[in-house]
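An overview of the molecular structure
Below, each chain spelled out in residue letters.
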Amino acid sequence: MKIYPAYLCNMTAAKSSIEEIIESEKNNSLQQIGEKIFNSQRINEEEGLLLFEQASLPYIGALANFVRERLHGNKTYFNRNFHIEPTNVCVFSCAFCAYSRLYAHREEGWELSSEQMMHIIKSYDGKPVTEVHIVGGVHPKLNMAFFADLMKQIKTHRPDLHIKGYTAVELDYMFRKAKVSPKEGLSILHEAGLDSLPGGGAEIFHPEIREQICADKVDANGWLNIHKTAHQLGMHSNATMLYGHIEKYWHRIDHMERLRKLQDETHGFNTFIPLKFRNKDNDMRNVPESTVVEDMKLYSVARLYMDNFPHLKAYWPMLGRQNAQLTLSFGVNDLDGTIDDSTKIYSMAGSEEQHPSLTTSQLVSLIKQVNREPVERDTLYHEIKNYKDIDVMELETNALYN
Ligand code: V47
Ligand code: SF4
């Protein structure tokens, strides 16, 4: 018989069991933090740091699971999406990036025409996907007018497909080249069909780290300003954090604090997405990757600290399927999507998933294996279908889910 701690069994965190865990914590400061969390009070930067430095994984895991279940019960969200990467040619040279090719070496990279991208869009005709995620390198020739025209073509062809596209890094460059402000640029793209922004490009905001890993792209204030402006225009967005390389715990807290502050102001972020640094074939290949224990601690602290972010996402192509499953007991309530593409940004940096794609029935079964409730959502977390009472075998025989 397998024996797991109670919080790993996905039992609804009974009030008494979490109270017992908090009461039996020997470190007074950690116990007080636990009480704050139990009483839905916000923890501060110092307390967040203490959790990273001193709390055991079972303690923060239990707290994070308690918060996750208080917010979402057993529900675990995913969506049916696909990715388009217009190019991997990039004017920037982030040290962790295994994917981009400098413009000077563009013959080694790829660059899709709008016809080729529309061909990808059309290949999903009749398939029940709800989102296209567009993200790529920063190509000096693919400008705002090109992308606005692409948005229009996509919406003309399939008006109900949600377009989540362009990191703040891509947008910042596009807007500067077009000599428009973030407000003007975002309004033009939104009008053309862009629905929301993905969370990429945030990396680590603090300049002490940012200058070492991605000195030449938009800085923290620029990134935050683009998201703030998008929120003010009524668009939602996500936020990422690239963790597990040369940053210290306090840099992570600083990063999360800046996002939490903006979220207090705008309430425009849907999801926080920690991205695990992978070290293959990039200029940081000598930096070891974080351990699974460190990964689970990070997800737990993120759930506890980001109290105004409704969702915490584990991006399974980066973590691998089994570790992504594990995060569902450490605060995570979203596994992104079926993805279904040949996304290269991760596979080129050494993630376990060389061609990330899961069918709906595979994703549902991953979630069910750890006794959670799979719920298909759209990009904005409206529920499309709850798979709790649906047999996976039934899905496997239906072409729409495979
Ligand atoms: O900003 C690049 C990361 C991000 C590596 O919003 C790496 O739903 C780890 O934004 N190791 C882009 N990470 C991807 C992105 C994203 C992904 C999934 C969901 C969403 C969303 C957004 O990829 C970059 C960077 O942080 N990345 N190289 C690497 N070696
Ligand atoms: Fe370019 Fe993005 Fe890679 Fe940085 S992470 S080099 S901005 S593609």
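Throughout what follows, the structure given in this document is the object of discussion.

Cut-offs used in this document
Residues numbered from 1 in each chain as written. Chains lettered and ligands numbered in written order. Predicted model: local features only at pLDDT ≥ 70, side-chain atom pairs only at ≥ 80, totals over all residues. Heavy atoms only, no water. Salt bridge = Lys/Arg side-chain N within 4 Å of Asp/Glu carboxyl O. Helix = DSSP H or I, 4+ residues; strand = E, 2+ residues; numbered from the N terminus. Buried < 20%, exposed > 50% of the residue type's maximum accessible area, 1.4 Å probe, protein only. Near = heavy atom within 4 Å. Polar contact = N/O pair within 3.5 Å; in protein donor to acceptor, adjacent residues only side chain to side chain. Areas by Shrake-Rupley, 256 points an atom, 1.4 Å probe, with all protein chains shown as cover. Contact = heavy atoms within 4.5 Å. Nonpolar A, V, L, I, M, F, W, Y, C, P; charged D, E, K, R; others polar. Axes fitted to C-alpha atoms, helices over the stretch in contact; angles between N-to-C directions. Parallel < 35°, antiparallel > 145°, perpendicular 65-115°, else oblique.

1. Here we look at the pattern of salt bridges
Applying the stated criterion across every chain yields a total of 20 salt bridges. Between glutamate 203 and lysine 217 there is a salt bridge; the shortest N-O distance is 2.7 Å. Placement of the pair is glutamate 203 in the loop between β7 (196-197) and α9 (207-213) and lysine 217 in the loop between α9 and α10 (220-232), with a sequence separation of 14 residues. In this structure, glutamate 203 and lysine 217 share a single accessibility class: buried. Residues participating in the shared-partner salt-bridge network are Arg42, Asp264 and Asp307.

2. Looking at the site of ligand 1
Close contacts around ligand 1 come from 23 residues, with Lys164, Gly199, Gly200, Gly201 and Glu203 the closest. A distance of 3.0 Å is found between an oxygen atom of ligand 1 and a backbone nitrogen or oxygen belonging to glycine 200. Contact between ligand 1 and glycine 201: an oxygen atom at 2.7 Å from a main-chain N or O atom of the residue. Notes on ligand 1: free accessible area 630 Å², of which the protein chains cover 97%. When residues of the shell around ligand 1 are traced back to their parent elements, those giving at least two are β8 (236-243), β9 (269-276) and α15 (344-347). For the shell around ligand 1, the leading source of residues is β9, giving three residues.

3. Section: helix α7 (residues 168-178)
Along α7, eight of the eleven residues are buried, which leaves the element largely enclosed by surrounding structure. Listed in full, the buried residues belonging to α7 are Ala168, Val169, Glu170, Leu171, Asp172, Tyr173, Met174 and Phe175. Those residues of α7 that are buried lie in contact with α6 (144-157), α8 (182-192), β7 and α10. Lysine 179 sits one or two residues past α7 and shows a positive phi near 55 degrees.

4. Considerations on the site of ligand 2
Every residue near ligand 2 is listed here: Cys90, Phe92, Cys94, Phe96, Cys97, Tyr99, Ser100, Gly137, Val169 and Lys217. Partitioned by chemical class, the residues of the shell around ligand 2 number seven nonpolar, two polar and one charged.

5. Focus on the packing of helix α2 (residues 28-38) against helix α4 (residues 57-72)
Two elements in contact, α2 and α4, have axes whose closest approach is 11 Å; the angle formed by their N-to-C orientations is 5 degrees. Overall, the two elements α2 and α4 adopt an arrangement that is roughly parallel. Residues Leu30, Gln31, Gly34, Ile37 and Phe38 of α2 pack against Tyr59, Leu63, Phe66, Val67 and Arg70 of α4.

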